[in-house]
There are 2 protein chains.
Amino acid sequence: MRRRARKPRRVASRTIEQRPWNQIVNHLSPIEVLSADQIEAIHENSLRILEEIGIEFMGAKAQDAFADAGAEVDRDTGLVRMDRGLVEHCLASVPNSVTLTPRNPKRRLVLGGNQICTTLVAGPPNVHDCERGRRSGNYKDYCRLVSLAQSLNIIHAIGNQPVAPIELPAHNRHLDCYLANLTYADRVYHCSAIGAERALDGIDMAAIAQGKEREAIIDQPAVITIISVNSPRRFDQAMSEGLMTMSEWGQAVVVTPFTLMGAMAPVTMAAALSQQNAEALAGIALTQITRPGAPAIYGGFTSNVDMKSGAPAFGTPENVQATLAGGQLARRYKLPYRSSNASASNVVDAQAAYESEMSIWAAVMAHANMVYHGAGWMEGGLTASFEKVVLDAEMLQMMAEVVKPVLVDEDSLGFEAIGGVPSGGHFFGAAHTLARYENAFYHPFISDWRNYESWEEAGCEDATQRASRIWKQLLESYQKPPMDPGIREALNAFVARRKGEIQP
Amino acid sequence: MRRRARKPRRVASRTIEQRPWNQIVNHLSPIEVLSADQIEAIHENSLRILEEIGIEFMGAKAQDAFADAGAEVDRDTGLVRMDRGLVEHCLASVPNSVTLTPRNPKRRLVLGGNQICTTLVAGPPNVHDCERGRRSGNYKDYCRLVSLAQSLNIIHAIGNQPVAPIELPAHNRHLDCYLANLTYADRVYHCSAIGAERALDGIDMAAIAQGKEREAIIDQPAVITIISVNSPRRFDQAMSEGLMTMSEWGQAVVVTPFTLMGAMAPVTMAAALSQQNAEALAGIALTQITRPGAPAIYGGFTSNVDMKSGAPAFGTPENVQATLAGGQLARRYKLPYRSSNASASNVVDAQAAYESEMSIWAAVMAHANMVYHGAGWMEGGLTASFEKVVLDAEMLQMMAEVVKPVLVDEDSLGFEAIGGVPSGGHFFGAAHTLARYENAFYHPFISDWRNYESWEEAGCEDATQRASRIWKQLLESYQKPPMDPGIREALNAFVARRKGEIQP
C-alpha cells in the first residue's frame, strides 16, 4: 500500500502559511471579449496608424535605427511611419517566451505560455501604512517594501522602485535602488530604462550579483524593464534609448502604452485598443531592429478616466474588457503579455479589494504572463501600501489556486466514501476526509472565517487591520537572502565607483 | 446626418446613478474548469450514487411518487434508488428556460440562455447596519431590506426572507413576508416551500397580486422557491412536499444541494460535485415526476469548510472551481443554473469584497442564470447587511458592464480621431470624445476616484461609509411601487383569512 504523503504542501513560516515558491500556472482557457473579426479590425487599424499617422520617437538614436531598417522618418516631428512588412518582419523574431534568471537561480521566471509571475508595486511617490500614515517615498521604506516582497512567495519579482526614495540624489539613486533589490531580495528586478546609463548600471549589477560580466548575460537575461509610452504615440528620448540599451544587451523589454480612454487615448474601446496596439508594436519593432531575437513583451494598460473630473480609474469594467482584449492581441502575435493589478482607492477598503479583484481576474483570464504592480498599489499608483501588499498577496494566492487543475480519478470521485456516510450525516470523521484534510483546501492568511461571537471576542479586526499585523510579523521575521561576501563587496565597489562617475 | 442620441443611458435618481432595469446579458463564453471527460466521470459517478446508494426522501408523498414512477423505494430508510433511465426521462421534460412574471410585468425575468438575474440576500437570522449595529431579524428591517432592493435596478428578485422577522409568530409569518414582498416591491419573489401550505399561500398571493386565481398562473409561473437539500443525500418531508406543491402548480423550483466539502460532502472536489449532482438530479426528477415540464433549475452551492475549525467558507478558490464546474454540469443537462454571492466576513471590509468578487466572477463565468444572495449576504449567511447590499449592487453592476459586447466599427475604431491628436497630446477636448463622453464609461456609485487630497478634505470616507450613506439616501427617496387598491384589499383579506385558518 502506497504511503500517503502527510507533509504539508505549504511552507509554514513563523507568521503565515504560504504557497511554496513557484509561478502560477494557468490551466484555464482565456476569456475572449472580442471576436476574431474584431481583433483583425483592431490589428488593421493599428497597422494603418503605424503606416499613415506614425509614432513619434524622440532622439537621433532611435530615429536612425528606424531609418536604417527602412521606416520613413520625419526628422522634424520625430514621426516614424513603418509599413506592415517591417512590423511583421520584426514580430517574426520576437521569442514567444522569455526566461529571466536572477542571482538566485531558484527564482528563475518564465514569461510565456501559461506561466504567470507577479511583481511588487512600482513607481509611487508616496508610501502608506496604517501605523505611520501617509508619507513621501524614502529609502528606508523602499528597503522594507523589497523585504516584504521577499517574504511573500507569491510576489515573484521586484518592479520599478516600489516607492521613490526621494531623499536620495536623483542622478544616482538608481544605484541604491538596485543594491537594495539585490541585497534585500534574490528575485528578478526591474531595471530603469530612463536613458542608457541607468539601464547599463542595472544590467551590470545583475551580472555582478551572479559573479559574471555584462557580456555573459546577453543570452541569459536577468533583468526586465517597462517602457512606458508617453501616449498618445510618443516615446521620449530617454525611454527610446533605454529600450535600445536593454535590447542591445539581450535583456527583457516590456512595451506598455498608458492609454487611459478619454485622456491619453480615444474614448472608445476599439480606438484605444488600436492606439495601444500601434504603440506596443512600434516599441517592440524597435527592440528587434536593435537586436533580432531580443526578449520583448506586449504590455497593455488601457483603462478609463472619470469623464466628470478626468481622474484615472482602474479595475473598472472598461479596464477589464481592455485587459482581456489586450491578451487576445498579444496572443495574435504570439507575444508574452503583461497586465497589472490596479485600484484608484485612497484607502485599503472594500473598493481597493474589488477594483484589484477586477484587475486580477482580468489579468489572469486574459492569460497575462506578468501581473505588474501585483501587490501594494493604491491611489491609482500614487502610493505604495504595506497593508495592500499583504491583501494583494492573499488575492493573488487565491487566484493561483483557482487556475489549478482539478483532480478527477477514482480516489477523488470517492464513491465508497459517499456511500459510507448515512443520509443526513457528515464527513468530518470519514477516513476519506481524514486522509486529506490538511491540504485539501487553500489556507488563507487574511480571511477570518470565525463566527461573529469569536471574531468579536478576539477584537473585531477587519481585513485591513489583520493585513497590518501580518506585514509587521513578516518584517520582524524577515531574513536577508544569503549573498557571497565577495559579491557583496563587488556590488558595493561598483556602486561607489559609479557614484563617483555620474555627474549630478 | 444622423442625430446622435444624447440622452443619458442611465436612470438618474435623486441619489445614485444606476443602470436601467434589465437583466444582465452575458456575452462572454463560460470558463470550463473541467474537461469533457471529467464532467462525464462526475456524471457517471452521480448516476451510480442515484442507482446504488440512493437519496433519502422523507414523507410518504414523495416516496409514493417515486415508487409510482418506477424508482426503488425503501420505506424503512426512505432511500430512493432510481436508474439512469428514469433520470434521463425526467431530465428530458425540463424546460431549458423559465420565464417568471411578477405583478409588474416589466419586472419579468428569464432564467435561461445568457440571461442573468440576481436576488436580495435570503435567510439570515440577523441584520446589521453601521448606524445601529447588529441585531436580531425583525419585520421592520425585513420591509426596509425589500424596499432597498426595490430601489436598486440590479437586484432583480426577492429571495427567501432577507432577514427572519423573528418577533412574528413562526406559524404564519410567511404571510406577512409575502405581503411585504408584494407591497414594498414589484419583483419576482421566493416562495417558502417548507411544507405545502406556505408554498400555496405564496402562489395564491402572487396570483391575487395579478388579479388572478391560482389556476391561471400554472402556465405563467410567478414565483420561485429554493429547495435546500439536507446534504448529504436527504430531502426532508417539508421540503419534499413543498417542492411537489410548487411543481404541481407550475411554479419554478431550484434544487440546491448545500455541499460544503469536508462537512456535508466529501473533502474532494470530484466527490463533492458528484454528490451535488446526484442530489440536484434527484430533486429535479421529483419536479418532473410531479408535473412533466414544470420549471426546474439546477442549483450549486459547493464550497469548503475551514478544516481547522469546521467553519464554512465562501468565495474560496474551491468555491470558485465548484461553481464553474456546476455550470458545466447544468449545461450538460441543458438546465438553467443557480449560483450565489457569498462571503464569510463578519464585517463589510476588504475580505467581504474579495470573497464576494470571487463568488460573482465565478457565478458569471459559470454562466449562472441566477445569482442568489446577490446582494447583502454577510457572515456566511447569518447576517443581512444594508451596507453590503449597496456594495454588492456596485460589484454586480460592474460585472453587468464587463459582460456587455464591445462595439468595433468604423466610428469606434476612430482612425481620424487618433490622427487628429498630436503625439504627446490628449483627447479630452477631441470631438470624438465630446460626442461620447457622457455615457462612454460605467459610472460607479461607491467607488471614489478623487485624488487623495480631495478625498481627505471631504472627510476620508471609506467604501463602507459611502455605502452607508447611499442606503440611507435610497430609503429616504424610496417610493412604494403603485398597487391597485382593490388588489391591496384582496391581499390584506387573504392574509387575514389565512391567519385565522392556520393553527399555531
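Note: the structure precedes this text.
One structure accompanies this document, and this report is about it. (Residues numbered from 1 in each chain as written. Chains lettered and ligands numbered in written order. Predicted model: local features only at pLDDT ≥ 70, side-chain atom pairs only at ≥ 80, totals over all residues. Heavy atoms only, no water.)

**Remarks on the relation of the copies chain B and chain A**
Step number 1: Taken as rigid bodies, chain B and chain A are interconverted by a rotation of 180 degrees and an axial shift of 0.0 Å, the fit giving an RMSD of 0.0 Å. Read as a symmetry element, the transformation amounts to a two-fold axis. It is A350 of chain B whose C-alpha, among those of chain B, lies nearest the rotation axis, at 2.1 Å.
Step number 2: Comparing interface residues between copies, 100% of those in chain B also sit at the interface in chain A, which points to an isologous, same-surface contact. (Least-squares fit on C-alpha atoms with pLDDT ≥ 70 in both. Contact = heavy atoms within 4.5 Å.)

**Focus on the packing of helix α10 (residues 350-365) of chain A against helix α10 (residues 350-365) of chain B**
Step number 1: It is at 8 Å that the axes of α10 of chain A and α10 of chain B come closest, and there the two elements cross at 35 degrees. Between α10 of chain A and α10 of chain B lies a crossing whose hand is right-handed. Facing A350, A353, Y354, E357, M358, W361 and A362 of chain A of α10 of chain A, the residues of α10 of chain B in contact are A350, A353, Y354, E357, M358, W361 and A362 of chain B.
Step number 2: Along the lines of polarity and charge, the residues of the contact of α10 of chain A with α10 of chain B split into 12 nonpolar, no polar and 2 charged. (Axes fitted to C-alpha atoms, helices over the stretch in contact; angles between N-to-C directions. Helix = DSSP H or I, 4+ residues; strand = E, 2+ residues; numbered from the N terminus. Left-handed = near helix turned anticlockwise from the far one by under 90°. Nonpolar A, V, L, I, M, F, W, Y, C, P; charged D, E, K, R; others polar.)

**Concerning the sheet that holds strand β20 (residues 312-313) of chain B**
All names here are of chain B.
Step number 1: Read from one edge of the open sheet, 3 strands run β17-β19-β20, paired in mixed fashion. The outermost strands of the open sheet, each flanked by one partner alone, are β17 (260-261) and β20.
Step number 2: Pairing analysis gives 2 bridges linking strand β19 (residues 303-305) to β20, with the strands arranged antiparallel. The partner of V305 across the bridge, within β20, is P312. (Pairing = 2+ DSSP bridges.)

**Examining the pairing of strand β22 (residues 370-375) of chain B**
All names here are of chain B.
Step number 1: Counting buried residues along β22, 6 of its 6 residues qualify, which places the element largely inside the surrounding structure.
Step number 2: Relative to β22, strand β9 (residues 115-120) runs parallel, the two sharing 3 bridges. In the strand pairing of β22, L120 is matched with A375.
Step number 3: Crossover connection from strand β21 (residues 337-340) via α10 to parallel β22: handedness right-handed. (Buried < 20%, exposed > 50% of the residue type's maximum accessible area, 1.4 Å probe, protein only. Right-handed = clockwise from strand over helix to strand, strands pointing away.)

**Examining the pattern of salt bridges**
Residue and element names in this part refer to chain A.
Step number 1: Taken as a whole, this structure holds 64 salt bridges over all chains when the rule is applied.
Step number 2: When the shortest N-O distance is used, the salt bridge between R48 and E52 registers 3.2 Å. Highlighted residues: R48 and E52, both in helix α1 (residues 36-53), separated by 4 residues, approximately one helical turn.
Step number 3: Using a relative accessible area of 33% as the deciding quantity, one classes R48 as partly exposed. (Salt bridge = Lys/Arg side-chain N within 4 Å of Asp/Glu carboxyl O.)

**Side note on the sheet that holds strand β4 (residues 55-57) of chain B**
Step number 1: One open sheet holds the 4 strands; their spatial order is β5-β6-β4-β15 (chain B), and the pairing between them is mixed. In this open sheet, the two strands that pair with only one neighbour each are β5 (72-73) and β15 (234-235) of chain B.

**Focus: the environment of M395 of chain A**
Step number 1: Positionally, M395 of chain A belongs in helix α11 (residues 386-402).
Step number 2: Once the C-alpha coordinates of M395 of chain A and I360 of chain A are considered, the two residues, 35 residues apart in sequence, prove to be 8.1 Å apart.
Step number 3: In this view, M395 of chain A contacts A353, S356, E357 and I360 of chain A together with Y354 of chain B; residues no more than four positions away in its chain are not counted.

**Details of the pairing of strand β18 (residues 296-299) of chain B**
The two faces of the sheet receive side chains in turn, since in a regular strand these alternate between them.
Residue and element names in this part refer to chain B.
Step number 1: Neither face of β18 is open: one carries A296 and Y298, the other I297 and G299, and all of them are buried.
Step number 2: Sheet analysis places strand β16 (residues 252-257) next to β18, joined by 3 bridges and oriented parallel. Directly across from V253, in β18, lies its bridge partner A296.
Step number 3: Bridge count for β18 against β21 is 2 bridges, and the pairing is parallel.

**Let's talk about the interface of chain B and chain A**
Step number 1: At the junction of the two partners, chain B supplies 111 residues and chain A supplies 111 residues.
Step number 2: For the pair chain B and chain A, the summed buried area comes to about 9,200 Å², and 70% of that belongs to carbon and sulfur atoms.
Step number 3: One can count 4 salt bridges joining chain B with chain A.
Step number 4: Two residues, E17 of chain A and K308 of chain B, come together in a salt bridge whose shortest N-O distance is 3.3 Å.
Step number 5: Put simply, chain B and chain A have 42 residue pairs in polar contact (both at pLDDT 80 or more) between them.
Step number 6: Tallying contributions element by element places α10 of chain B first for the side of chain B that touches chain A, with 10 residues.
Step number 7: Partitioning the side of chain B that touches chain A into residue classes produces 59 nonpolar, 27 polar and 25 charged. (Buried area = accessible area lost by both parts, 1.4 Å probe. Polar contact = N/O pair within 3.5 Å; in protein donor to acceptor, adjacent residues only side chain to side chain.)

**A short note on the environment of A350 of chain A**
Step number 1: Relative to the helices and strands, A350 of chain A is located in helix α10.
Step number 2: For A350 of chain A, a relative accessible area of 1% corresponds to the buried category.
Step number 3: Sequence separation of A350 of chain A and T464 of chain A is 114 residues, and the distance between their C-alpha atoms is 9.6 Å.
Step number 4: Filtering out sequence-adjacent residues up to four positions away, A350 of chain A remains in contact with D349, A350, A353, L391 and A463 of chain B.

**A look at the packing of aromatic side chains**
Step number 1: Tallied over the full model, the rule gives 26 aromatic pairs over all chains.
Step number 2: With 5.7 Å between their ring centres and 40 degrees between their planes, Y178 of chain A and Y189 of chain A make a pair best called tilted. Here the residue Y178 of chain A occupies a position in helix α5 (residues 173-184), and Y189 of chain A occupies one in strand β13 (residues 188-189), the gap between them amounting to 11 residues. Each member of the pair, Y178 of chain A as well as Y189 of chain A, is classed as buried.
Step number 3: Joined through ring pairs, the aromatic side chains of F258, F301, F314 and W377 of chain A make up one cluster.
Step number 4: Taking NZ or CZ as reference, R134 of chain A lies 3.9 Å from the ring centre of Y452 of chain B, over its face.
Step number 5: Directly above the aromatic system of W471 of chain B lies the positively charged group of K472 of chain B, at a separation of 5.8 Å from the ring centroid. (Phe/Tyr/Trp six-rings, centres within 6.5 Å; stacked < 30°, edge-to-face > 60°. Lys NZ or Arg CZ within 6 Å of the ring centre and 35° of its normal.)

**Points about the side chain of E355 of chain A**
Step number 1: Here E355 of chain A is to be found in helix α10.
Step number 2: No salt bridge is formed by the buried E355 of chain A, whose closest oppositely charged neighbour, R466 of chain B, lies at an N-O distance of 7.4 Å.
Step number 3: Polar contacts involving the side chain of E355 of chain A include one to the main-chain amide nitrogen of A344 of chain A, which spans 2.8 Å.
Step number 4: In contact with E355 of chain A, not counting residues within four places along its chain, are F314, G315, A342, S343, A344 and S345 of chain A together with S447 and W449 of chain B. (Lys, Arg positive; Asp, Glu negative; His and termini not counted.)

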